[in-house]
Amino acid sequence: MPYCVVSNGDPSAAAAGGGGEDDVRIFYQRYGHGGTKVLLIIGFAGTHESWGPQVKGLTGAVEPVDEESPAGDDGAAVDGVEVCCFDNRGVGRSSVPTHKSHYTTVIMAKDALALMDHLGWRKAHVFGHSMGSMIASKLAAIAPERVASLALLNTTGGGYQCIPKIDWQTISLACRFLRARTPEQRAGVDLDVHYTREYLDETVGSNTRRHMLYQEYVKGLSSCGMQSRHGFEGQLNACWTHKLTHKELDRIRSAGFLILVIHGRDDVVAQLYHARRLAERLQPAAKLIELHGGHLVSHERPAEVNLSLMEMIKASKSSTDQEEWSNVPKKYDDQLLAGSDSRLAKRECNIIVMYNLLAKLQLILLFFFGAFYIILEHTRRVLRVLKPVRVSATSL
């Protein structure tokens with residue numbers, strides 16, 4: 001099995017196998033051959049297999065590379081594309097640290113950098129989806145010299161931005177997700193989270209796409225197993241604590257590489273507004289592409305997504321100017337020059353403070369409601385026990 005061993009204390013790749021007790025083993029797969037290297041970082045609770053449409057679209061391969069073959073930058077097929085995708089810590093075949101503090105987007109970005117070192121890759125096109133896009137952003141901020149280009153699919157800025165639009169649909173999905181205990185239950189929820197209803201209701205052959213995908217999801221969840229509690233809580237912590245500072249944003253947009261932000265207009269998890277705002281903040285390097293699709297727009301619209309990714313790879317090779325590449329209005333740059341960035345930061349801090357207060361208020365209300373419900377049920381039981389028994393006159 002191909003693994004990269006990463007130390008929790010000092011994330012650096014080691015030889016596969018072995019390592020200390022605190023070491024984390026990152027499972028990965030490589031596809032294709034060539035001088036163009038692409039690192040794919042998957043999102044929350046996902047495994048490397050979720051990149052299937054992009055692996056096939058970028059490399060033409062469906063089977064992983066034999067690990068006996070060379071993995072460095074000196075591949076024979078210079079014009080080809082080599083892709084590496086992996087399971088983040090906390091999911092799939094990778095290790096599952098038990099401490100929530102071992103899950104942050106910084107730590108997970110260092111996992112990805114350690115994997116690049118392990119493979120002998122000096123530089124790569126880094127593409128991330130959802131939480132994976134947060135990790136990819138941190139990687140770009142930590143080591144911009146290692147990034148050839150950056151693609152952020154269905155992304156948000158982390159923290160309160162991870163909160164979906166609150167309506168009955170998302171509340172229902174959240175309740176179903178929390179109650180899911182079997183692969184069958186989880187598969188049903190995941191389909192409604194990942195795709196649009198229109199896509200799921202399409203007929204493919206004699207069945208609907210929902211039926212076909214349901215069978216695939218159940219099979220995948222049954223073979224790999226449901227994500228553990230430690231992995232779930234850890235990755236959730238990574239999303240909630242993620243934030244790109246103004247200094248990190250400056251470092252990314254001034255690094256010189258091209259940036260692509262792709263988002264599904266009907267995403268119920270990551271709101272489109274936040275993706276648009278992030279693209280504006282990454283000017284002048286970012287291009288924004290909005291497609292009809294849900295959270296897994298990379299599966300709903302694989303042809304358009306793969307074409308956009310390949311266009312960015314080609315544009316990077318031809319040293320396309322950032323101004324020529326970008327299609328996002330420059331209004332955010334003007335705001336920065338006017339000094340309103342600090343006001344936006346303060347406003348964002350105020351929103352976070354308000355949200356935290358509301359979250360605490362919600363917990364308090366839930367506590368009192370729960371306590372009231374428990375007292376009410378206990379009172380009912382006591383009254384049933386103390387209820388006087390009627391005795392008829394004939395029994396005396």
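Let me sum up the structure you'll find in this document.

What counts, and at which threshold
Residues numbered from 1 in each chain as written. Predicted model: local features only at pLDDT ≥ 70, side-chain atom pairs only at ≥ 80, totals over all residues. Heavy atoms only, no water. Patch = residues over 30% accessible without salt bridge, like charges linked within 9 Å, V, L, I, M, F, W, Y side chains within 5 Å. Areas by Shrake-Rupley, 256 points an atom, 1.4 Å probe, with all protein chains shown as cover. Salt bridge = Lys/Arg side-chain N within 4 Å of Asp/Glu carboxyl O. Helix = DSSP H or I, 4+ residues; strand = E, 2+ residues; numbered from the N terminus. Buried < 20%, exposed > 50% of the residue type's maximum accessible area, 1.4 Å probe, protein only. Contact = heavy atoms within 4.5 Å. Polar contact = N/O pair within 3.5 Å; in protein donor to acceptor, adjacent residues only side chain to side chain.

## Some words on a nonpolar patch on the surface
Move 1: Judged by side-chain polarity, Ile166, Trp168 and Ile171 come together as a nonpolar surface patch covering roughly 400 Å² of accessible area.
Move 2: Within the secondary structure, Ile171 is located in helix H4 (residues 168–179).
Move 3: Look at Ile171 and you get partly exposed, because its relative accessible area is 34%.

## Observations regarding the pattern of salt bridges
Move 1: Tallying each qualifying case throughout the model produces 13 salt bridges.
Move 2: Across the pair Asp190 and Arg186 runs a salt bridge whose closest N-O atoms are separated by 3.0 Å. One end of the pair is Asp190 and the other is Arg186, both in helix H5 (residues 183–194) and four residues apart, which spans about a single turn.
Move 3: The exposure class assigned to Asp190 is buried, which follows from its relative accessible area of 9%.
Move 4: Look at Arg186 and you get buried, because its relative accessible area is 10%.
Move 5: Connected via shared salt-bridge partners are Arg30, Lys37 and Glu82.

## Section: the environment of Leu249
Move 1: On the secondary structure map, Leu249 appears in helix H9 (residues 246–253).
Move 2: With residues near it in sequence (within four places) discarded, Leu249 still touches Leu244, Leu278, Arg281 and Leu282.

## Describing the environment of Gly234
Move 1: Structurally, Gly234 can be placed in helix H8 (residues 229–241).
Move 2: Residue class for Gly234 comes out buried when judged on its relative accessible area of 1%.
Move 3: Each C-alpha atom of the pair Gly234 and Thr98 lies 8.0 Å from the other, and the pair is 136 residues apart in sequence.
Move 4: In contact with Gly234, other than residues within four places in its own chain, are Lys100 and Tyr103.

## Looking at the side chain of Asn154
Move 1: Looking at where Asn154 falls in the secondary structure, it is placed in the loop between strand E7 (147–153) and H4.
Move 2: Given a relative accessible area of 0%, Asn154 falls into the buried group.
Move 3: Only 2.8 Å separates the side chain of Asn154 from the side chain of Asp267, close enough to count as a polar contact.
Move 4: Within the structure, Asn154 has its side chain in polar contact with the backbone oxygen of His295 (distance 3.2 Å).
Move 5: The contacts of Asn154, once residues within four sequence positions are left out, are His129, Ser130, Ile262, His263, Gly264, Asp267, Ala270, Gly294, His295 and Val297.

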